[in-house]
Amino acid sequence: MSEPLDTGRTELTPDEEARARREHDLDRPEEFDSRNGVDERVGTRASLLPEEQETGSADPEAQAREVLRDSELRTEMPESAPDTFFERRPSGE
């Protein structure tokens, strides 16, 4: 079984975080991965980027999975990245 997904530091109350964890399957990483197509994309993302090739990776697939999970988590739960600035613009801008 995989470990629950880590949201990092958030500004959510404990009750809000518990609700979000249930709503986004954060305590069920296999369900989160399945719903977000992580398993299907790991192989493509496991090819190291040029800046990653320099340092290498002991496990490119595990690294890819964590990168994809983090990206999906930040998309679904922007509050999981409180230090990240999100700017929303209409497509016409």
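In this report, we go over the structure that sits alongside the text.

Calculation criteria
Residues numbered from 1 in each chain as written. Predicted model: local features only at pLDDT ≥ 70, side-chain atom pairs only at ≥ 80, totals over all residues. Heavy atoms only, no water. Axes fitted to C-alpha atoms, helices over the stretch in contact; angles between N-to-C directions. Helix = DSSP H or I, 4+ residues; strand = E, 2+ residues; numbered from the N terminus. Parallel < 35°, antiparallel > 145°, perpendicular 65-115°, else oblique. Contact = heavy atoms within 4.5 Å. Nonpolar A, V, L, I, M, F, W, Y, C, P; charged D, E, K, R; others polar. Salt bridge = Lys/Arg side-chain N within 4 Å of Asp/Glu carboxyl O. Buried < 20%, exposed > 50% of the residue type's maximum accessible area, 1.4 Å probe, protein only.

Here the focus is the packing of helix H2 (residues 29–36) against helix H5 (residues 60–76). For the pair H2 and H5, the least separation of the axes is 11 Å and the interaxial angle reads 80 degrees. With respect to H5, the axis of H2 lies roughly perpendicular. On H5, the residues touching Pro29, Phe32, Asp33, Arg35 and Asn36 of H2 are Arg65, Arg69, Glu72, Leu73 and Glu76. By residue class, the composition of the contact of H2 with H5 is three nonpolar, one polar and six charged.

Our next topic: the pattern of salt bridges. Taken as a whole and assessed by the stated rule, the structure comprises 12 salt bridges. Arg65 serves as the salt-bridge partner of Asp33, at 3.2 Å between the closest nitrogen and oxygen. Remark: Arg65 occurs in helix H5 and Asp33 occurs in helix H2; sequence separation between them is 32 residues. Among the ionic pairs, Glu76 bridges to Arg35, the shortest N-O distance being 2.6 Å. Placement of the pair is Glu76 in helix H5 and Arg35 in helix H2, with a sequence separation of 41 residues. Its relative accessible area of 21% is what places Glu76 among the partly exposed residues. Among the residues examined, Arg35 registers a relative accessible area of 38% and is labelled partly exposed.

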